[in-house]
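Structure assessment
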Amino acid sequence: MATNDWSGVHPQAIVDPSAKLAANVTVGPWSYIGPDVEIGENTEILSHVVVKGPTVIGKNNRIFQFSSIGEECQDKKYAGEPTTLVIGDNNTIRENCTIHRGTTQDRGETRIGSDNLLMAYVHVAHDCVVGNGTILANCATLAGHVTVGDCAILGGGTMVHQFCRIGPHSMAAGGSIVLKDIPAYVMASGQSAQPHGMNVEGLKRRGFSKEDLLALRRAYKVIYRNGLTTEQALAELENSYADVPVMKPLIASLRGSDRGIIR
């Protein structure tokens with residue numbers, strides 16, 4: 001990462017001398033970039049943004065006004081340890097988003113992948129891991145230690161309990177309260193969230209084949225319609241579909257669930 005390109009810094013911005021700015025980074029007026037911050041090429045920081053470190057932000061991101069990035073977490077156990085935030089490439093982070101660094105009680109790092117859209121007022125708490133290609137709509141809120149898989153969608157106002165896992169390609173409707181894990185590909189809604197079939201329309205738009213969709217519909221019946229426990233359903237899926245590529249994320253999300261899945 002090329003560093004110390006200050007040409008895009010507005011005169012009314014405050015940038016710590018130790019911050020590392022790559023080529024073509026822009027920082028708008030009244031924004032603050034603190035020490036231990038690295039920002040990759042072509043990333044745009046608009047006005048009134050606060051970025052504190054240790055934080056690493058990749059290339060081609062846009063961070064809109066009044067967002068707070070890399071602030072200390074709200075965990076009462078946090079005692080000022082130098083935990084980190086890592087953000088990938090090509091993300092859009094809209095107005096008033098808050099993204100906090102990790103804690104030493106977990107991985108010590110909050111991580112957001114690439115190609116994500118975080119709409120206005122999204123909150124990502126300490127030690128969360130957000131994958132690639134996700135959409136977190138307005139006011140979606142992740143408590144600490146939440147994992148969001150690739151291409152998942154959280155509707156506006158969705159609230160996710162700490163330590164929950166949101167599986168890849170899953171979807172939670174607006175206003176959902178998620179208290180347990182959402183398996184891969186599953187649609188959820190409600191307070192608390194319950195399953196409502198596979199995310200078929202979303203998967204069609206992403207190019208999943210008819211064969212894949214048929215296999216996922218059958219898997220949904222195994223999990224939710226055949227009267228099986230999660231352990232029994234997992235065993236049946238592993239016996240019948242372990243070699244089917246589209247099933248691997250679903251099986252992994254069931255196997256890796258500590259809180260249990262939504263029912």
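All figures in this text were calculated on a predicted structure; none of them were measured in a lab.

What follows is about the layout of surface pockets. In this structure, the largest pocket spans a volume of roughly 160 Å³. Asp106, Arg107, Asp127, Val129, His145, Thr147, Phe163, Cys164, Arg165, Asp258 and Arg259 together form the lining of the largest pocket. The residue makeup of the lining of the largest pocket, split by class, is 3 nonpolar, 2 polar and 6 charged.

Turning our attention to helix H3 (residues 230-241). For H3, with 12 residues, the first-to-last C-alpha span of 16 Å sits near the 16 Å given by 1.5 Å per residue. Burial in H3 covers these residues: Ala233, Leu234, Leu237 and Tyr241. In an axial view of H3, the angular spread of the buried residues amounts to 100°, which keeps them on one side of the axis. Turned more than 90 degrees away from the buried face of H3, the exposed residues are Glu231 and Asn239. Residues of H3 that are buried sit in contact with helix H2 (210-224) and helix H4 (248-255).

This paragraph deals with the packing of H2 against H3. Across the interface, H2 lies against H3 with an axial gap of 9 Å and an inter-helix angle of 150°. Classified by the interaxial angle, the pair formed by H2 and H3 is roughly antiparallel. Along this stretch, H2 crosses H3, giving a crossing that reads as right-handed. Within the contact between the two elements, H2 uses Ala215, Arg218, Ala219, Val222 and Ile223 and H3 uses Ala233, Glu236, Leu237 and Tyr241.

For the rest of this paragraph, the subject is the packing of aromatic side chains. Tallied over the entire structure, the rule returns 2 aromatic pairs. Ring centres of Tyr185 and Phe208 lie 6.0 Å apart, and the angle between their planes is 80°; this geometry places the pair in the edge-to-face category. Placement of Tyr185 in the loop between strand S25 (177-178) and strand S26 (186-190) and of Phe208 in the loop between helix H1 (200-205) and H2 is noted, with a sequence separation of 23 residues between them. Comparing Tyr185 with Phe208 shows no difference in burial state: the two are buried.

Let's shift gears to the nonpolar core. Judged by nonpolar contacts, the single largest core of 68 residues is most densely connected at Val124, Leu142, Leu237, Met247 and Leu250. Residue assignment for this core shows that the elements contributing at least two residues are strand S5 (37-39), strand S11 (84-87), S26, strand S27 (193-198), H1, H2, H3 and H4. Looking at which element gives the most residues to this core, the answer is H2, with 8 residues.

Next up on the list: the sheet that holds strand S16 (residues 123-124). Pairing is parallel across the open sheet formed by 9 strands, whose spatial order is S1-S4-S7-S10-S13-S16-S19-S22-S25. For this open sheet the edge positions go to strand S1 (14-15) and S25, each flanked by a neighbour on one side alone. Direction of pairing for strand S7 (residues 50-51) relative to strand S10 (residues 68-71): parallel, over a ladder of 2 bridges. Looking across to S10, one finds that Val50 is bridged to Ser68.

Right, let's get into the pairing of S10. Alignment of S10 against strand S13 (residues 98-100), held across 3 bridges, turns out to be parallel. Bridge assignment links Ile69 to a residue of S13, and that residue is Ile99.

Quick look at the side chain of His169 now. By the secondary structure assignment, His169 is in the loop between strand S23 (165-166) and strand S24 (171-172). Assessed through its relative accessible area of 14%, His169 is described here as buried. With near-sequence residues (within four places) excluded, His169 lies in contact with Asp150, Cys151, Ala152, Tyr185, Asn199, Leu203, Arg206 and Phe208.

Relative to the 21 Å expected for 15 residues at 1.5 Å per residue, H2 spans 21 Å between its end C-alpha atoms, a close match to the ideal helical length. Within H2, burial applies to Leu213, Ala215, Leu216, Ala219, Tyr220, Val222, Ile223 and Tyr224. Contacts from the buried residues of H2 go to S26, S27, H1, H3 and H4.

Moving on, we get to unusual backbone geometry. The omega torsion across Gly53 and Pro54 is 5°, close enough to zero to call that bond cis. Counting through the fold element by element, Pro54 comes out in the loop between S7 and strand S8 (55-57). In this chain, Gln191 is followed by Ser192 through a cis amide linkage whose omega measures 5°. Within the secondary structure, Ser192 is located in the loop between S26 and S27. A positive phi is found at Asn42, a non-glycine position, where the angle reads about 65°. Mapped onto the elements of the fold, Asn42 is located in the loop between S5 and strand S6 (44-45). The backbone of Tyr185 shows a phi angle near 75°, a positive value even though the residue is not glycine.

Conventions we followed
Counting restarts for each chain: residues are numbered from 1 in the order of the written sequence. Residue-level local features of this predicted model are given only where pLDDT is at least 70; pairs of side-chain atoms are given and counted only at 80 or more, and the full residue set underlies all totals for whole chains, interfaces and linings. Where side-chain values are given, they derive from all heavy atoms of the structure, hydrogens and water being excluded. Lining residues are those with an atom within 4 Å of a point, where the points come from a 1 Å grid over the protein atoms alone and group into cavities, where a 1.4 Å probe fits but cannot get out, or pockets, open sets with protein on both sides within 12 Å along at least five of seven lines. Grid points are joined across faces, edges and corners, and a volume is the space filled by probe spheres set on the points. Each residue is assigned to one class: nonpolar for Ala, Val, Leu, Ile, Met, Phe, Trp, Tyr, Cys and Pro, charged for Asp, Glu, Lys and Arg, and polar for all the others, Gly among them. Helix and strand labels come from DSSP, where a helix needs a run of H or I of at least four residues and a strand needs a run of E of at least two; each type is numbered from the N terminus. Any helix carries an expected span of 1.5 Å times its number of residues minus one. Exposure classes here rest on a 1.4 Å probe applied to the protein chains alone. A residue is buried below 20% of its type maximum, exposed above 50%, and partly exposed in between. As used here, the arc is the angular range of directions from the helix axis to the C-beta atoms. A contact between two residues is defined here by any heavy atoms of the two lying within 4.5 Å. With axes taken as lines fitted to C-alpha atoms, and helix axes fitted only over the stretch in contact, angles between N-to-C directions fall between 0 and 180 degrees. What sets the label is the angle itself: under 35 degrees gives roughly parallel, over 145 gives roughly antiparallel, 65 to 115 gives roughly perpendicular, and the rest give oblique. Take the far helix as your reference; a near helix turned counterclockwise from it by less than a right angle gives a left-handed crossing, and one turned clockwise gives a right-handed crossing. Classification of ring pairs rests on two measures: the distance between centres of Phe, Tyr or Trp rings, Trp counted by its six-membered ring, which must be within 6.5 Å, and the angle between planes, read as stacked under 30 degrees, edge-to-face over 60 and tilted in between. Within this scheme, the nonpolar core is defined by two criteria: the residues are buried Ala, Val, Leu, Ile, Met, Phe, Trp, Tyr or Cys, and they are joined through side-chain atoms within 4.5 Å. In this analysis, strands are considered paired if DSSP registers two or more bridges between them.

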